[in-house]
Amino acid sequence: SKKPVRVAVTGAAGQIGYALLFRIASGEMLGKDQPVILQLLEVPVEKAQQALKGVMMELEDCAFPLLAGMEAHSDPMTAFKDTDYALLVGSRPRGPGMERAELLAINGAIFTAQGQALNAVASRDVKVLVVGNPANTNAYIAMKSAPDLKPGNFTAMLRLDHNRAASQIAAKTGKAVADIEQLCVWGNHSPTMYADYRFATINGESVKDMINDQDWNANVFLPTFGKRGAAIIEARGLSSAASAANAAIDHMRDWALGTNGKWVTMGIPSQGWYGIPKDVMFGFPVTCENGEYKVVEGLEIDEFSQACIAKTLKELTDEQAGVAHLV
Ligand code: NAI
């Protein structure tokens, strides 16, 4: 049987953690033949550590055959030791009335410390997924704080957005979500991101031709898609958790095990693709194979798409300029 791999998860006692850990331990992320050791990080606060203990008791009670070990931590320097995968879920999202500077300062502190800890103690091939918001900028800070690791191994989660777009398109066309290919979401995980179905197909047929309604795209689909996170909060009184955890599983599984040629969206540091400046943590269409992602290159960017991409890029470069003093 395979040697266990180490999976670190931060914010492990939070909402997303609760929807995520059981699926990692059951083999849904890395395969039904891959044992895992969970290295769980929570803030060094009695209540959070206590809640984490409770989650670990439940994990024990599942008797997962693939769960080869489990640790609770309050310090990233021990939590990330030798870790092969790191899912950085815990962060401080923007609260009501919170100033931008405050948000960036708090997350700057969290993600510089976590980047430095990964740099110091993680596996040299660690694959990092940042879920905690603002996800792209947090991933950028962590990457910049880990100069000895491969920058390309720091990624931000846009998969929930990708999955949301796929689901909306399935509903619009009346087709099965599983049959949608070549969809992508460009940019920042924020309402500015651009879901692009111009290249998408369903059973070989063009989705754009099927829908054939640019007014719907610009004035119904994109605004609904952009505000989906807010709509969930409005309905549930809490932000999306199970769907976010599901997207994190999808992102890591596809990165580790491959997509068989299917496009997915990952937030990754640009190498200059599509005119996005180097290192900007940007949502791109990728395929994955042998544990590596590869950007889908050479797509034509029309005027409408260019304007959408410029808008989300501007937001991201502004955010990243706001943390320049930290990195
Ligand atoms: P939550 O508040 O239920 O849980 C977050 C947990 O993280 C808490 O238990 C907290 O104690 C812990 N935490 C905070 N700072 C930490 C640190 N420095 N180290 C370790 N643990 C820390 O929040 P929830 O719902 O689980 O969401 C987590 C994050 O994911 C939020 O920032 C949220 O905005 C973001 N999110 C991102 C999505 C995406 O698509 N990228 C989608 C949905 C949520």
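On a predicted model such as this, the values are computed, not experimentally measured, just so you know.

### Comments concerning the packing of aromatic side chains
Next, step 1: According to the stated counting rule, one finds 12 aromatic pairs in the structure shown.
Next, step 2: On the numbers, 5.3 Å between centres and 55° between planes, the contact of F282 with F284 is tilted.
Next, step 3: An aromatic cluster is defined as three or more aromatic residues linked by ring pairs; in this entry it consists of W186, W273, Y274, F282 and F284.

### Some words on the UniProt feature "domain: Lactate/malate dehydrogenase N-terminal" (unreviewed entry) in the protein chain
Next, step 1: Residues annotated in UniProt with the feature "domain: Lactate/malate dehydrogenase N-terminal" (unreviewed entry) correspond here to residues 5-149.
Next, step 2: Counting secondary structure, residues 5-149 comes out at 44% helix and 19% strand; the distance between its end C-alpha atoms is 18 Å.

### Points about the pairing of strand β12 (residues 264-269)
Next, step 1: For β12, a buried count of 6 out of 6 residues is recorded, marking the element as mostly surrounded by other parts of the structure.
Next, step 2: Burial along β12 is two-sided: the residues V264, M266 and I268 and T265, G267 and P269 are all buried.
Next, step 3: Relative to strand β13 (residues 281-289), β12 runs antiparallel, the two being bridged by 6 bridges. Opposite G267, over in β13, you have G283 as the bridge partner.

### Quick look at the environment of H251
Next, step 1: Residue placement: H251 occurs in helix α10 (residues 242-257).
Next, step 2: Relative accessible area serves as the criterion here: at 1%, H251 is assigned to the buried category.
Next, step 3: H251 sits 46 residues away from E205 along the chain, and the two C-alpha atoms are 26 Å apart.
Next, step 4: Once residues within four sequence positions are removed from consideration, H251 is found in contact with L129, T155, A156, M157, R159 and M266.

### Considering the pattern of salt bridges
Next, step 1: Summed over the entire model, instances satisfying the criterion amount to 15 salt bridges.
Next, step 2: Across the salt bridge formed by R6 and E71, the nearest N and O atoms sit 3.5 Å from each other. Of this pair, R6 sits in strand β1 (residues 5-10) while E71 sits in strand β3 (residues 67-73), and the two are 65 residues apart along the sequence.
Next, step 3: Overall, R6 belongs to the partly exposed group, its relative accessible area being 25%.
Next, step 4: Here R198 ties to D302 by a salt bridge, and the two come within 3.6 Å at their closest N and O atoms. Placement of R198 in the loop between β9 (194-196) and β10 (201-202) and of D302 in the loop between β14 (292-295) and α11 (303-322) is noted, with a sequence separation of 104 residues between them.
Next, step 5: When its relative accessible area of 17% is taken as the criterion, R198 is described as buried.

### Things to note about the pairing of β14
Next, step 1: By the alternation rule, side chains of β14 split into Y293 and V295, which are all buried, and E292 and K294, of which none is buried.
Next, step 2: Direction of pairing for β13 relative to β14: antiparallel, over a ladder of 4 bridges. Within β14, the residue paired with T287 across the bridge is K294.

### Observations regarding the sheet that holds β10
Next, step 1: The strand order across the open sheet formed by 3 strands is β7-β10-β11, and the pairing between neighbours is antiparallel. Each end of this open sheet is capped by a strand with a single partner; those strands are β7 (180-181) and β11 (205-206).
Next, step 2: Where β10 meets β11, 2 bridges bridge the pair, whose relative direction is antiparallel. Counterpart to T201 in the pairing with β11 is S206.

### Considering the site of the ligand
Next, step 1: Surveying the vicinity of the ligand reveals 23 residues, the closest of which are Q15, I16, E42, S91 and N133.
Next, step 2: Taking G11, its main chain carries an N or O atom lying 3.3 Å from a nitrogen atom of the ligand.
Next, step 3: Contact between the ligand and Q15: an oxygen atom at 2.9 Å from a main-chain N or O atom of the residue.
Next, step 4: Taken together, the elements giving at least two residues each to the shell around the ligand come down to α1 (15-25) and α4 (100-121).
Next, step 5: Grouping the amino acids of the shell around the ligand by side-chain chemistry returns 11 nonpolar, 11 polar and 1 charged.

### Here's the deal with α1
Every α-helix carries 3.6 residues per turn, so stepping three or four residues along brings you back to the same face.
Next, step 1: Listing the buried residues of α1 in full gives I16, G17, L20, L21, F22, I24 and A25.
Next, step 2: G27, located one to two residues past α1, shows a positive phi value of around 100°.

### Structural notes on the nonpolar core
Next, step 1: V7, L59 and L87 are the most contacted members of the largest nonpolar core, which has 79 residues in total.
Next, step 2: Element by element, the count of residues in this core is highest for α10, at 8 residues.
Next, step 3: The next biggest cluster of nonpolar side chains, apart from the first, holds 27 residues, and it includes V128, V130, A135 and A146.

### Considering the UniProt feature "domain: Lactate/malate dehydrogenase C-terminal" (unreviewed entry) in the protein chain
Next, step 1: Under the feature "domain: Lactate/malate dehydrogenase C-terminal" (unreviewed entry), the UniProt entry names residues 159-322.
Next, step 2: Here residues 159-322 is 48% helix and 19% strand, with 25 Å between the C-alpha atoms at its ends.

### Observations regarding α10
Next, step 1: For α10, spanning 16 residues, the distance from its first C-alpha to its last is 22 Å, which sits close to the expected 22 Å at 1.5 Å a residue.
Next, step 2: Among the residues of α10, A244, A245, A247, A248, I249, D250, H251, M252, D254, W255 and A256 are the ones counted as buried.
Next, step 3: Where α10 terminates, the next one or two residues include G258, which has phi positive at roughly 100°.

Conventions adopted
Residues numbered from 1 in each chain as written. Predicted model: local features only at pLDDT ≥ 70, side-chain atom pairs only at ≥ 80, totals over all residues. Heavy atoms only, no water. Phe/Tyr/Trp six-rings, centres within 6.5 Å; stacked < 30°, edge-to-face > 60°. UniProt positions renumbered as here; feature names shortened; annotations may be inferred. Helix = DSSP H or I, 4+ residues; strand = E, 2+ residues; numbered from the N terminus. Buried < 20%, exposed > 50% of the residue type's maximum accessible area, 1.4 Å probe, protein only. Pairing = 2+ DSSP bridges. Contact = heavy atoms within 4.5 Å. Salt bridge = Lys/Arg side-chain N within 4 Å of Asp/Glu carboxyl O. Near = heavy atom within 4 Å. Polar contact = N/O pair within 3.5 Å; in protein donor to acceptor, adjacent residues only side chain to side chain. Nonpolar A, V, L, I, M, F, W, Y, C, P; charged D, E, K, R; others polar. Core = buried A, V, L, I, M, F, W, Y, C linked by side-chain atoms within 4.5 Å. Expected span 1.5 Å × (residues − 1).

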